[in-house]
Amino acid sequence: MNKLVYCKKCLYPNTKPHLYLNKQGVCNACTSFEEKKNIDWKKRELEFSEMIENFKNSEGKHDCVIPVSGGKDSTYQVIKALEYGLNPLCVTATTDLLSDIGRYNIENIKNLGVDYLEISLNPKVRKKINKFCLETIGDISWPEHVAIFTLPIRIALKEKIKLIIWGENSQTEYGGPEEDSKKNILDHNWLQEFGGMGALRVDDLTAIDDIDIKSLILYQYPDVEELNKEKIEGIFLGHYFNWDSSENKDIAENNGFKAWHKSVEGSYFSFENLDNHQTGIHDYFCYLKFGYGRASAQLSMEIRRGKITKKEAIEYIREHEGKFPYFYLDKPLEEILSDINISMEEFIRVCDKFTNKKIFKCNSDGTLKKDNNLNLEKINFDN
Ligand SMILES: [Zn+2]
């Protein structure tokens, strides 16, 4: 069933993975947002400050690992950790195609006053994985979404650092199964379900020419038994502090974080997803498969927070969302594609392969209906 039925309150359609509409037609991201209003945040904050005392380390090790991308949320995570007297080791998994502004914001995090470790996975292997994943599952960002989880956990294990401080539980912020959206812990089960692996397992990548399991070591989740033995715990900071993207942005900006000079292509915000030129392709494929893009996700949050009306938000997405991704952070698509050895013709063919024809209009010959700029048209856009 792929006909778009939208949440009565926000812009999410029922095609969104892990999204559920209740009897009133309201999605679980909206109901979870309402429920968060009843949380006693003072109490949660106290829980946090008590909990971290158990991890403050006097044995010459860092107190915690903080996975950071350089984004406004990870900047906020680091600021919070320092505020509570933690001595973190910040870990970055370099993105697929790092932008200049992404690099700037990473340098800014280091200068907040932390030890910092950046791990870059073999680019020759990685580019092949980007291409393979785009062509087979329509997800160019698979290696990135896996590495941002596996690398910090591997470092924590290697260094015997017992606490990992993640940001928000994406299942709370963007809608997920009720039970999982209330979790405060990121464990192996959460990761398998929501950590971006999708339909692919690491072993599947050995189907790519010249790639064997040895070149995929760092994509593998570490041994669960070993993790349990070391009692390494991953917590979501968003469980303890009321997570608000815009407020995090303000706090990050006051501490040197730089936003983009305009709304990012396909987005509403100017301060999210600034570190990878491939993200525009990732978001476009979400639109092709499920009929919503990054702007819908961001504006849905703004609607819930009463910062924009649904009518204004719809006007925005009609004009800006789901456009063919000619640029991302001003880098031309041809350059982004040539970096992973894909031609424009091939890219368009892959786009068509993953476009959901129950969502987008077709011509009488069954091909997808596109305007001169290759943009598609939705069948029912009655949001
Ligand atoms: Zn909703």
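Everything numeric in this text was worked out from a predicted model, so none of it was measured.

Participant: I would appreciate a short explanation of the overall build of the chain in the present structure.
Facilitator: Of the regular secondary structure elements, the chain holds 16 helices and seven strands. For a compact globule of 383 residues, the expected C-alpha radius of gyration is about 21 Å, and the chain comes in at 21 Å, within 12% of that figure. Taken over the C-alpha atoms alone, the chain extends approximately 70 × 50 × 40 Å along its principal axes. The buried share among the 383 residues of the chain stands at 42%. Counting only contacts in the chain whose residues sit at least 6 apart along the sequence, the fraction spanning at least 24 positions is 69%.

Participant: What exactly am I supposed to notice about helix 6 (residues 142–159) here?
Facilitator: Each turn of an α-helix holds 3.6 residues, which means side chains three or four residues apart point in the same direction. The end-to-end C-alpha separation of helix 6 is 26 Å, in line with the 26 Å expected for 18 residues at 1.5 Å each. Along helix 6, the sharpest change in direction is near 25° and occurs at I148; proline P152 comes one to four residues later. A positive phi of about 55° marks K160, the residue just after helix 6.

Participant: Help me out: how do you make sense of the nonpolar core in this one?
Facilitator: Nonpolar side chains tend to gather and get buried jointly when the protein is soluble and globular. Counting residues in each nonpolar core, the largest one holds 77 residues, and the members touching the most others are C64 and I165. Among the elements that take part in this core, helix 6 stands out by supplying nine residues, more than any other. In this view, I165 contacts C64, I66, Q77, A81, I235 and L237; residues no more than four positions away in its chain are not counted.

Participant: Sorry if this is basic, but what is going on with the domain arrangement of the chain here?
Facilitator: Note on interface size: it is often stated as the accessible area lost on association of the parts. Taken domain by domain, the chain consists of domain 1 (41–239) and domain 2 (262–383). The interface of domain 1 with domain 2 comprises 23 residues on the first partner and 20 residues on the second. Put simply, the parts of the chain that give the side of domain 1 that touches domain 2 at least two residues each are helix 4 (100–110) and helix 5 (123–137). Among the elements that take part in the side of domain 1 that touches domain 2, helix 5 stands out by supplying five residues, more than any other. In the side of domain 1 that touches domain 2, the residues fall into six nonpolar, ten polar and seven charged.

Participant: Can you help me understand the environment of C64 in this one?
Facilitator: The topology assignment puts C64 in strand 1 (residues 64–67). Sequence separation between C64 and K3 is 61 residues, and the spatial gap between their C-alpha atoms is 45 Å. Not counting residues within four places of it along the chain, the set of residues in contact with C64 comprises F55, A81, L86, P88, I161, L163, I164 and I165.

Participant: When you look at helix 12 (residues 279–290) in this model, what are you seeing that I'm missing?
Facilitator: Between the first and last C-alpha of helix 12 there are 16 Å, a value that for twelve residues agrees with the 16 Å anticipated at 1.5 Å per step. In terms of burial, helix 12 is a largely internal element, eleven of the twelve residues being buried. For helix 12, every residue scored as buried is listed here: T279, G280, I281, H282, D283, Y284, F285, C286, Y287, L288 and F290. Along its buried surface, helix 12 packs onto helix 13 (294–304), strand 6 (327–328), helix 15 (333–338) and helix 16 (344–354).

Participant: Help me understand the pairing of strand 4 (residues 163–166), please; the structure alone is not making it clear to me.
Facilitator: For a regular strand, side-chain orientation follows a simple rule: the groups alternate between the two sheet faces. Residue alternation in strand 4 divides its side chains into two sets, L163 and I165 and I164 and W166, and both sets are buried. With four bridges connecting them, strand 4 and strand 5 (residues 233–236) associate as parallel partners. Bridging from a neighbouring strand, I165 pairs with I235 of strand 5.

Participant: When you look at the packing of helix 13 against helix 14 (residues 310–320) in this model, what are you seeing that I'm missing?
Facilitator: The geometry of a pair of packed helices is captured by two quantities: the angle between their axes and the separation between those axes. Two elements in contact, helix 13 and helix 14, have axes whose closest approach is 10 Å; the angle formed by their N-to-C orientations is 170°. Judged by the angle between their axes, helix 13 and helix 14 are roughly antiparallel. Where helix 13 crosses over helix 14, the two elements pack in a sense that is right-handed. Residue-level contacts link A295, S296, L299, E302 and I303 of helix 13 to K310, A313, Y316, I317 and H320 of helix 14. In the contact of helix 13 with helix 14, the residues fall into six nonpolar, two polar and two charged.

Participant: I would appreciate a short explanation of the environment of V78 in the present structure.
Facilitator: Along the chain, V78 turns up in helix 3 (residues 72–83). For V78, a count of 25 C-beta atoms within 10 Å puts it in the buried group. When neighbours within four sequence positions are excluded, V78 is seen to be in contact with I66, V68, P88, C90, I109, L112 and V114.

Participant: It is not clear to me how unusual backbone geometry should be interpreted in this structure. Could you clarify?
Facilitator: Note: most residues except glycine have negative phi, and most peptide bonds are trans. One non-glycine residue, N273, lies in positive phi territory at about 55°. Structurally, N273 can be placed in the loop between helix 11 (245–254) and helix 12. Accessibility expressed as a C-beta count within 10 Å gives 23 for N273, which makes it buried. With a phi close to 70°, D330 is a non-glycine residue in the positive phi region.

Definitions and limits used
- Residues numbered from 1 in each chain as written.
- Predicted model: local features only at pLDDT ≥ 70, side-chain atom pairs only at ≥ 80, totals over all residues.
- Helix = DSSP H or I, 4+ residues; strand = E, 2+ residues; numbered from the N terminus.
- Rg over C-alpha atoms; globule rule 2.2 N^0.38 Å.
- Buried ≥ 20, exposed ≤ 12 C-beta atoms within 10 Å, placed from the backbone.
- Contact = placed C-beta atoms within 7 Å.
- Expected span 1.5 Å × (residues − 1).
- Bend = angle between axes of the 7 residues up to and from the residue.
- Core = buried A, V, L, I, M, F, W, Y, C linked by C-beta atoms within 7 Å.
- Domains from an automatic or database assignment.
- Nonpolar A, V, L, I, M, F, W, Y, C, P; charged D, E, K, R; others polar.
- Pairing = 2+ DSSP bridges.
- Axes fitted to C-alpha atoms, helices over the stretch in contact; angles between N-to-C directions.
- Parallel < 35°, antiparallel > 145°, perpendicular 65-115°, else oblique.
- Left-handed = near helix turned anticlockwise from the far one by under 90°.

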